[in-house]
Amino acid sequence: MAESPARTAFAEEALTHLDTLYRGALRLTRDPDQAQDLVQEAYLRALRYQHSYQQGTNMRAWLFAIMRNLFWDRFKGSRKEDVSLDDVGEFVLYEKLRDEGAKPEADVLDKLAASEVVSAVEKLPPLHREVVLLVDVEGFSYKDAADTLGVPIGTVMSRLHRARQQLQKSLYDYALESGIVRGNGMMGPTQVPQQ
Amino acid sequence: MKCKECEDKLDRYVDRELNDTEALEVQLHLEGCPECMDHYDFQAHLKRVVRHSCDCDTAPVAFREKLRQILS
């Protein structure tokens, strides 16, 4: 059956956002096969409901919303894990490192393995993880993130705040375990002392 | 602006979510306060580290082609 040019054009435009959707699905499901299933289903649903997409609006956000809604439909049983975000209090990695004398503080960030940063993101409960994915990884504005998630901007900000605190705590714990920093201050053995 | 107020607005400054007036106030404070500037640099660096660690995954080529065929 020949497809209409409009449908083909819509599909082509939608596919320009594939990497964003795939990354998001991969981080949410933590499984490449499930991520592909989720993304494929999201694209099929998007095509089915393309009449509800308003030309000129943010297609990337619209597609992401479809994908994450499917994720929650599939995994809604795991929603309860979202109440279990550890209460790390006001954890600010910069202040922690500064108080321990790890100067310059940013050097610690350069020593973190990318896989450990991904792991720290994936450890966040999904409701908090998706805000970090949208704002920090994909560069969404708070408003676009709020529209995508169907929550007020204030909710985006509070989830982002808590997620970042947890993330920084996880990165600090990793830096301690791997010897990048020592708990009682300064740098670990892999660092070259400043001249 | 006091350091505490700057600190409270730092995340939104890094995220470019402050209005022009607020952003200018933070910028002026940062230019005159090495400690807050240091903190800002760290937070901006942290955001880049998170982004670059997570955005290197791209959809497999075979999956992209499969989708293209399904959708066309």
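As the structure is a prediction and not an experimental result, all values here were calculated from the model.

A few points about the overall build of chain A
Across its full length, chain A carries 10 helices and zero strands. For chain A, the sequential pattern of α-helices and β-strands runs α-α-α-α-α-α-α-α-α-α. Sequence-distant contacts in chain A: of pairs separated by 6 or more residues, those separated by 24 or more amount to 67%.

Side note on helix H7 (residues 114–122) of chain A
Among the residues of H7(A), A:Val117, A:Ala120 and A:Val121 are the ones counted as buried. In a view along the axis of H7(A), the buried residues occupy a sector of 100°, so they form one face of it. Looking at the buried positions of H7(A), the neighbouring elements they touch are helix H2 (18–29), helix H8 (126–137) and helix H10 (153–177) of chain A together with helix H3 (34–54) of chain B.

So, the packing of H7(A) against H10(A)
Residue and element names in this part refer to chain A. Where H7 contacts H10, the axes come no closer than 9 Å and their chain directions differ by 140°. With respect to their mutual orientation, H7 and H10 come out oblique. Between H7 and H10 lies a crossing whose hand is right-handed. Across from Glu 116, Val 117, Ala 120 and Val 121 in H7, the residues of H10 making contact are Leu 167, Ser 170, Leu 171 and Tyr 174. Class assignment for the residues of the contact of H7 with H10 results in six nonpolar, one polar and one charged.

A few points about the domain arrangement of chain A
All names here are of chain A. Per the domain assignment, the segments making up chain A are domain 1 (5–74) and domain 2 (93–177). When each unit is reduced to the centre of its C-alpha atoms, the spacing between domain 1 and domain 2 is 24 Å. Across the boundary between the two partners, domain 1 contributes 11 residues, which contact 12 residues of domain 2. Contributions of two or more residues to the side of domain 1 that touches domain 2 are made by H2 and helix H4 (59–74). Residue classes in the side of domain 1 that touches domain 2 are distributed as four nonpolar, three polar and four charged.

Digging into the interface of chain B and chain A
Counting residues at the interface gives 24 residues for chain B and 28 residues for chain A. Elements represented by at least two residues in the side of chain B that touches chain A include exactly H3 and helix H4 (61–71) of chain B. With 12 residues, H3(B) is the single largest residue contributor to the side of chain B that touches chain A. Partitioned by chemical class, the residues of the side of chain B that touches chain A number nine nonpolar, six polar and nine charged.

Description of the environment of A:Ala113
By the element assignment, A:Ala113 lies in the loop between helix H6 (106–110) and H7. Here the alpha-carbon distance between A:Ala113 and A:Tyr174, two residues 61 residues apart in the chain, equals 9.6 Å.

Observations concerning unusual backbone geometry
Even without a glycine there, the phi angle at A:Arg30 is positive, about 60°. In this structure, A:Arg30 sits in the loop between H2 and helix H3 (32–48). One non-glycine residue, B:Arg16, lies in positive phi territory at about 55°. A tally of 10 C-beta atoms within 10 Å means that B:Arg16 is categorised as exposed.

Here is what the cut-offs are and how they apply
- Residues numbered from 1 in each chain as written.
- Chains lettered and ligands numbered in written order.
- Predicted model: local features only at pLDDT ≥ 70, side-chain atom pairs only at ≥ 80, totals over all residues.
- Helix = DSSP H or I, 4+ residues; strand = E, 2+ residues; numbered from the N terminus.
- Contact = placed C-beta atoms within 7 Å.
- Buried ≥ 20, exposed ≤ 12 C-beta atoms within 10 Å, placed from the backbone.
- Arc of directions from axis to C-beta.
- Axes fitted to C-alpha atoms, helices over the stretch in contact; angles between N-to-C directions.
- Parallel < 35°, antiparallel > 145°, perpendicular 65-115°, else oblique.
- Left-handed = near helix turned anticlockwise from the far one by under 90°.
- Nonpolar A, V, L, I, M, F, W, Y, C, P; charged D, E, K, R; others polar.
- Domains from an automatic or database assignment.

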